[in-house]
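Listed below are the residues making up each chain.
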Amino acid sequence: MCVNLSLTLMLLFLSGAVCSEWNVEYHQQHICAVKGSSVVIPCSFYYPENLQVKKVMWCHERSNIIDGPFIFDSEMNETASKFKYIGNKEHNWSFKIHNVEHNDTGKYAFRFITDTEDGKWTGRAGSTVKVVDLNDLMTNPHENRVTKEGDSVNLTCINGCDSDHLSSAFTWFKNGEPKNEGPVLYLSNMNPTDSGNYSCSLKTHTGTASRVININIEYAPKNTSVSVRPSMEVEAGTNITLICSSHANPPVDYTWFKIDESHVLDVGHQPELFTADGGQYFCSATNKHGSQYSSVVTVKTKERWPSFNRDVLIITLSVAVLLIVIAAVAVMKLKKKRPRAKETNCEEDSERSQGEGATVKVVYTTVDFHTKRKSNTKQQTDSHHDEESVAYRTMCRN
């Protein structure tokens, strides 16, 4: 490249002098980047000090390195945000590509134009960018069967740019949430909560996600139980729903049983059992890893009052209460109307009755005694200490 330039400008400069003043230096000839990360192409360029740079461009090998189109042009206002100049606009014109994709693979070259007609230069050597995927690998000691509860697996994140060395810093994610850091994620003695989607990324570039590894842990039925609606005790004839539930992977098959005296009857094969009969029931849940029975539930039914008998009872009680109230009111009125016996003087009635030839009947007689005590001073002067009085009362009836 220096030889060609010296031949063109042989009348003005010596070839050695020209090569020492015009140059583009790529600090990395080959650059490897993980898909989704950002990559920087470091570049320095040199030109005679008496000139001034007016325009710089970057182009991909798919375009004409002299005429473009260019992926970056300093005179263009609308430059894709994916490409960004990060140099100092004097001698450092490093170039950054955000969120690299596989179609960004290839050679990139830098070209600049100064304020003279012949002051143009292109660094034809360029830098070559390689874009690779971030890979993950699952190591399972039981590769020939499904992952079961209690198994252990190792997940390894691999950056293709590291060759055989795990030098990059990684972050592991489960269902999109950060879980651990490091190239290898160890999952030992796994349980159902370890099921999920796992992926890794470069710690410095979270957008560099690997493919997703789905871990689906299978296990036998557990926590098998029965629930009853509307309740464990209902009126006879009420529709009853029994629901069997269980936690398992893969899904289970259900079987319903009813205890009939000394026999156990198979009465259904759905998660729900509909019945109107009381009794003892239980269910079983089964998948390829095992079975589990629920505990026994007892559904009780009670006889309901027929609506006719209930209405008759209500009417009878109402009439009885009404009759009691009427009787109580009548008795009170009779007591108020009954005449009281007339009190008279028995002696006068007796004399009057004898004259008229009638008899007088004595109903009752009362005698009242009253004693009046005198004071101590008066008692000393009076020969009689107390005064007594007697009242007679006689009730007669003709």
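Residues numbered from 1 in each chain as written. Predicted model: local features only at pLDDT ≥ 70, side-chain atom pairs only at ≥ 80, totals over all residues. Heavy atoms only, no water.

**A closer look at the side chain of serine 37**
Mapped onto the elements, serine 37 comes out in the loop between strand 2 (30-34) and strand 3 (39-41). Serine 37 sits in the buried class, given a relative accessible area of 4%. A polar contact of 2.5 Å, which involves the side chain of serine 37, links it to the backbone oxygen of valine 34. What serine 37 contacts, discounting residues up to four positions off in sequence, is Ile97, His98, Asn99, Val100, His205 and Thr208. (Helix = DSSP H or I, 4+ residues; strand = E, 2+ residues; numbered from the N terminus. Buried < 20%, exposed > 50% of the residue type's maximum accessible area, 1.4 Å probe, protein only. Polar contact = N/O pair within 3.5 Å; in protein donor to acceptor, adjacent residues only side chain to side chain. Contact = heavy atoms within 4.5 Å.)

**Describing a nonpolar patch on the surface**
There is a patch of nonpolar side chains on the surface, built from Ile315, Val319, Leu322, Leu323 and Ile326 and spanning about 490 Å² of accessible area. Residue position: leucine 323 is located in helix 3 (residues 307-337). For leucine 323, a relative accessible area of 54% gives the class exposed. (Patch = residues over 30% accessible without salt bridge, like charges linked within 9 Å, V, L, I, M, F, W, Y side chains within 5 Å. Areas by Shrake-Rupley, 256 points an atom, 1.4 Å probe, with all protein chains shown as cover. Salt bridge = Lys/Arg side-chain N within 4 Å of Asp/Glu carboxyl O.)

**With respect to the pairing of strand 16 (residues 196-202)**
Two faces belong to every sheet, and in a regular strand the side chains alternate between them. Burial within strand 16 is extensive, with six of its seven residues counted as buried. Inspection of the sheet shows strand 13 (residues 170-174) paired to strand 16 by five bridges, in the antiparallel sense. The residue bridging phenylalanine 173 from the neighbouring strand is serine 199, located in strand 16. Note that strand 16 and strand 17 (residues 213-215) share three bridges and pair antiparallel. The residue of strand 17 that forms the bridge with glycine 196 is isoleucine 215. (Pairing = 2+ DSSP bridges.)

**Some remarks on the sheet that holds strand 11 (residues 134-139)**
Strand order in the open sheet formed by three strands is 11-12-15, with antiparallel pairing between adjacent strands. The sheet is open, and its two borders are formed by strand 11 and strand 15 (184-187), each paired with just one other strand. Within the sheet, the average angular offset between the axes of one strand and its neighbour, ignoring direction, is 15°. Alignment of strand 12 (residues 153-159) against strand 15, held across four bridges, turns out to be antiparallel. Looking at the pairing, asparagine 154 lines up with tyrosine 186 of strand 15. (Axes fitted to C-alpha atoms, helices over the stretch in contact; angles between N-to-C directions.)

**Things to note about the pairing of strand 5 (residues 53-60)**
For strand 5, the buried fraction is high: seven of the eight residues fall into the buried class. Looking at chain direction, strand 5 and strand 9 (residues 106-114) are connected through seven bridges and run antiparallel. Each bridged residue has a counterpart across the sheet, and for valine 56 the counterpart in strand 9 is phenylalanine 112. Pairing of strand 5 with strand 6 (residues 72-73) involves two bridges; the strand directions are antiparallel. Pairing of tryptophan 58 across the sheet is with phenylalanine 72, part of strand 6.

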